[in-house]
Amino acid sequence: AQRVTQPEKLLSVFKGAPVELKCNYSYSGSPELFWYVQYSRQRLQLLLRHISRESIKGFTADLNKGETSFHLKKPFAQEEDSAMYYCALSRPGANSKLTFGKGITLSVRP
Amino acid sequence: DTGVSQNPRHKITKRGQNVTFRCDPISEHNRLYWYRQTLGQGPEFLTYFQNEAQLEKSRLLSDRFSAERPKGSFSTLEIQRTEQGDSAMYLCASRVSTGELFFGEGSRLTVL
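All of these numbers come straight from a predicted model, not from anything done at the bench.

With reference to specific residues and values, describe the environment of Val 19 of chain B.
All names here are of chain B. Here Val 19 shows up in strand E3 (residues 19-24). In sequence terms Val 19 and Leu 109 are 90 residues apart; their C-alpha atoms lie 8.8 Å from each other. Apart from the residues within four sequence positions on either side, Val 19 is in contact with Lys 11, Thr 13, Leu 77, Glu 78, Ile 79, Thr 82 and Leu 109.

Written out as structure tokens, the structure is:
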């Protein structure tokens, strides 16, 4: 069975501080990993996916197959980063569903 | 707004009543998903359509739940004989092939 674990519910940091949102997964094979973000009063939207290897809004995430982790990082948090973040996993292929973690609230204080 | 559209946005009903939610995906998206999200949880998969065919259903989808996608366009999710445990946000999402999954704003159900 596939599972995504986000061990923390809330992370509160000051503006300019580094951020790391943890995500661990359980999957037998090579999954696709994603981070989704939900800003206040907005719909859930894709932030980044591991196969893109992009940096979006200053965020990066590296897939560590040995540790089965996909932590989301940003060196300098901004107030506009305050949101709910969800890590998600799917098996490769078009006919696949996403399995989400419980999410973490990031609060960036001025 | 040409994104995924869901209605109604909020529904309050009494236990035992039937409710129906509608989802209009982005027009060229052939894959449509329904998820349910309860407080403190991430979205949980309910069911998935490719065009008009329902290809997968979660065990969460009891016999009281039915989803359709006639003609491969909009989709409906009906809950019969609602229970208080059905109170949740029901999310619809769509995409093409392996592309990005786009979510709607959700339909919040409150069962009294």
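Can you break down the sheet that holds strand E8 (residues 72-74) of chain A residue by residue, with the values?
Residues and elements named next belong to chain A. Reading across the sheet, the three strands line up as E3-E8-E7 and stay open at both edges, with antiparallel pairing between neighbours. Either end of the sheet is taken by a strand with one partner, and the two such strands are strand E3 (19-21) and strand E7 (60-61). Across three bridges, the pairing between E3 and E8 is antiparallel. Counted as the bridge partner of Leu 21 is Leu 72 from E8.

Please provide a residue-by-residue account of the interface of chain B and chain A, values included.
The partner chain A presents 15 residues to the 25 residues of chain B that form the contact. In terms of surface lost to chain A, no three residues of chain B exceed Pro 43, Glu 100 and Phe 103 of chain B, which account for 26% of the buried area on that side. Here Arg 43 of chain A ties to Glu 105 of chain B by a salt bridge, and the two come within 3.6 Å at their closest N and O atoms. At the junction of chain B with chain A, the criterion picks out five residue pairs in polar contact (both at pLDDT 80 or more). Breaking the side of chain B that touches chain A down by element, the ones donating at least two residues are strand E4 (31-37), strand E5 (44-50) and strand E6 (53-57) of chain B. The element best represented in the side of chain B that touches chain A is E4 of chain B, accounting for four residues. Each residue belonging to the side of chain B that touches chain A can be placed in one class, and the counts come to nine nonpolar, 10 polar and six charged.

About the thresholds
- Residues numbered from 1 in each chain as written.
- Chains lettered and ligands numbered in written order.
- Predicted model: local features only at pLDDT ≥ 70, side-chain atom pairs only at ≥ 80, totals over all residues.
- Heavy atoms only, no water.
- Helix = DSSP H or I, 4+ residues; strand = E, 2+ residues; numbered from the N terminus.
- Contact = heavy atoms within 4.5 Å.
- Pairing = 2+ DSSP bridges.
- Buried area = accessible area lost by both parts, 1.4 Å probe.
- Salt bridge = Lys/Arg side-chain N within 4 Å of Asp/Glu carboxyl O.
- Polar contact = N/O pair within 3.5 Å; in protein donor to acceptor, adjacent residues only side chain to side chain.
- Nonpolar A, V, L, I, M, F, W, Y, C, P; charged D, E, K, R; others polar.

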